[in-house]
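Residue-level structure breakdown
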Amino acid sequence: MPTDPEENELTPTTTSAEDREAAGAEATEAVLDEVLLGGPRTLTVERLAERAGVSEERVRAYWQALGLPITEGEEHAFTERDAQALADVFAFAEEEKLDQRALTTLIRSTGHTTERLVLWQVEALVEHLTRRFDLDDTSARLLVLDRLPELAPVLEEQLLHAWRRQVAAVAGRFAVEFSDARATAVDEHELPLPRAVGFADIVSFTQRTRGLGSSELAEFVQLFETSARDVITAAGGRVVKTIGDAVLYVADDVATGARVALGLAEAGGRAEDVDVPPVRVSLVWGRVLSRFGDVFGPSVNLAARLVDIADPTTVLVDRDTAGMLAGDQRFALTAQPETEVQGLGTIEPVRLQWAYRG
């Protein structure tokens, strides 16, 4: 019996939505790998170690210090560019005679900083696209994913430019501060760096942010951090870090530190300046240790305690710092009642203000 010719035709294979999504994800990953990683992931951990000319143990230690997960077995997770980067950094360590501690610190500093940087930048792009196209959060994140291949090179260039300028700035400060150091006796028991250090802490942060949604809270914190950084930088100081509702800053001399502190208190006290909420501020001159992008020392601890007892929109300094500022006619100093502080004993705070200019 003859058959219907149509019955002999192959039935087209239908593609499910899941298959299409998987294919789209693979295509996106391939494009991102080409742009960000320099090519496909063709190397296992074992092959990566061989290509870099080091042991698997050193590869794992590097990846862990960078803050990235390490894959096991035969999974192809690494690229030729990864191998070159590892070979370069271990050659650098060999040439400079870096021990494991120093090398790990350098790698970890890069990983920690870039992880926070990337999250910050991606979230900023998500917020931007949410507002620009009136998208929900998920749709905005997917759009960022689609746009990354064209956006990443621009951000990469900005990162390199900023890094070069920051290194130049540090080198410039070193040249000024330590140019005569070889002729000066150094007490090895002292912390190495004399610095003005202080905190600015948002007044009533919990009350101010109660009831805010995630985007409103993020915008509030970002506006505070950005505006505080602008005030600090304009006065000649530097931001060390932000800690939730507070910012830690340093300056290279006590007068600059005083200008920074008063600038922060002044900005937070202006009713029209909605970007900088009212803050309480502290300032202490002392020697500090600079490590891991942070500063440590008794003066930092004292500054943290002083800011806790300062009134809104005021600046408190300790007695020794007040003594250093006493001869500067730009500033006015008013002794405050002695205060008992846990761990530090009795302290003698002094209020710092601008001198009357009438």
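Numbering of residues begins from 1 in every chain and follows the order in which that chain's sequence is written. Two thresholds apply to this predicted model, a pLDDT of at least 70 for residue-level local features and 80 or more for giving and counting side-chain atom pairs, whereas whole-chain, interface and lining totals are computed over all residues. To obtain the side-chain values, all non-hydrogen atoms of the structure were used and water was disregarded.

Ranked by size, the top nonpolar core spans 31 residues in total, and within it Y249, L264, V281, L283, V315 and L352 carry the most contacts. Mapped by element, the contributors of at least two residues to this core are β1 (193–202), α9 (214–234), β3 (246–251), α10 (254–269), β4 (279–291), β6 (315–317), α12 (319–325) and β10 (350–354). Strands are runs of DSSP state E lasting at least 2 residues, helices are runs of H or I lasting at least 4, and numbering of each runs from the N terminus. Per-element accounting of this core gives the leading share, eight residues, to α10. One finds V54, Y62, F78 and I107 within the second-largest nonpolar core, a separate group that totals 20 residues. Nine residue types can take part in a nonpolar core, namely buried Ala, Val, Leu, Ile, Met, Phe, Trp, Tyr and Cys, and a core is a set of them joined through side-chain atoms within 4.5 Å. Exposed residues in this analysis have more than 50% of their type's maximum accessible area, buried residues have under 20%, and partly exposed residues fall in between, with area computed by a 1.4 Å probe over protein chains only.

A cavity, in this analysis, means grid points on a 1 Å lattice covering only the protein atoms where a 1.4 Å probe fits yet has no way out; a pocket is instead an open set bounded by protein on both sides within 12 Å along at least five of seven lines, and a residue lines either one if it has an atom within 4 Å of a point. Grid points are joined across faces, edges and corners, and a volume is the space filled by probe spheres set on the points. Volume-wise, the second largest pocket comes out at about 750 Å³. When residues of the lining of the second largest pocket are traced back to their parent elements, those giving at least two are α6 (100–133), α7 (137–178) and α9. Residues are grouped as follows: Ala, Val, Leu, Ile, Met, Phe, Trp, Tyr, Cys and Pro are nonpolar; Asp, Glu, Lys and Arg are charged; all remaining types, including Gly, are polar. Residues that form the lining of the second largest pocket fall into these classes: eight nonpolar, five polar and nine charged.

With that out of the way, let us pick up the packing of helix α4 (residues 56–66) against helix α5 (residues 80–95). Where α4 contacts α5, the axes come no closer than 12 Å and their chain directions differ by 95 degrees. Put simply, α4 runs roughly perpendicular to α5. Facing α4, whose interface residues are R58, V59, Y62 and W63, α5 presents D82, L86, V89 and F90. For the contact of α4 with α5, a count of residues per class yields six nonpolar, no polar and two charged. Between N-to-C directions, angles span 0 to 180 degrees; the directions come from axes that are lines fitted to C-alpha atoms, helices contributing only their stretch in contact. With respect to orientation, any angle under 35 degrees is reported as roughly parallel, any angle over 145 as roughly antiparallel, any angle of 65 to 115 as roughly perpendicular, and every other angle as oblique. In what follows, a contact means two residues having at least one pair of non-hydrogen atoms within 4.5 Å.

Let us now look at the pairing of β3. Extensive coverage of β3 is indicated by the burial of six of its six residues. A two-sided burial pattern is seen for β3, the buried positions comprising A246, L248 and V250 on one face and V247, Y249 and A251 on the other. We treat two strands as partners when DSSP finds at least two bridges between them. In this sheet, β3 lies alongside β1 in antiparallel orientation, the contact comprising six bridges. Each residue of the ladder has a partner; that of A196, found in β3, is A251. As paired strands, strand β2 (residues 238–243) and β3 are joined by five bridges and run antiparallel to one another. For V239, the partnering residue across the bridge sits in β3 and is Y249. Here β2 folds back onto β3 in antiparallel fashion, the turn holding two residues, of which G244 has a positive phi close to 65 degrees.

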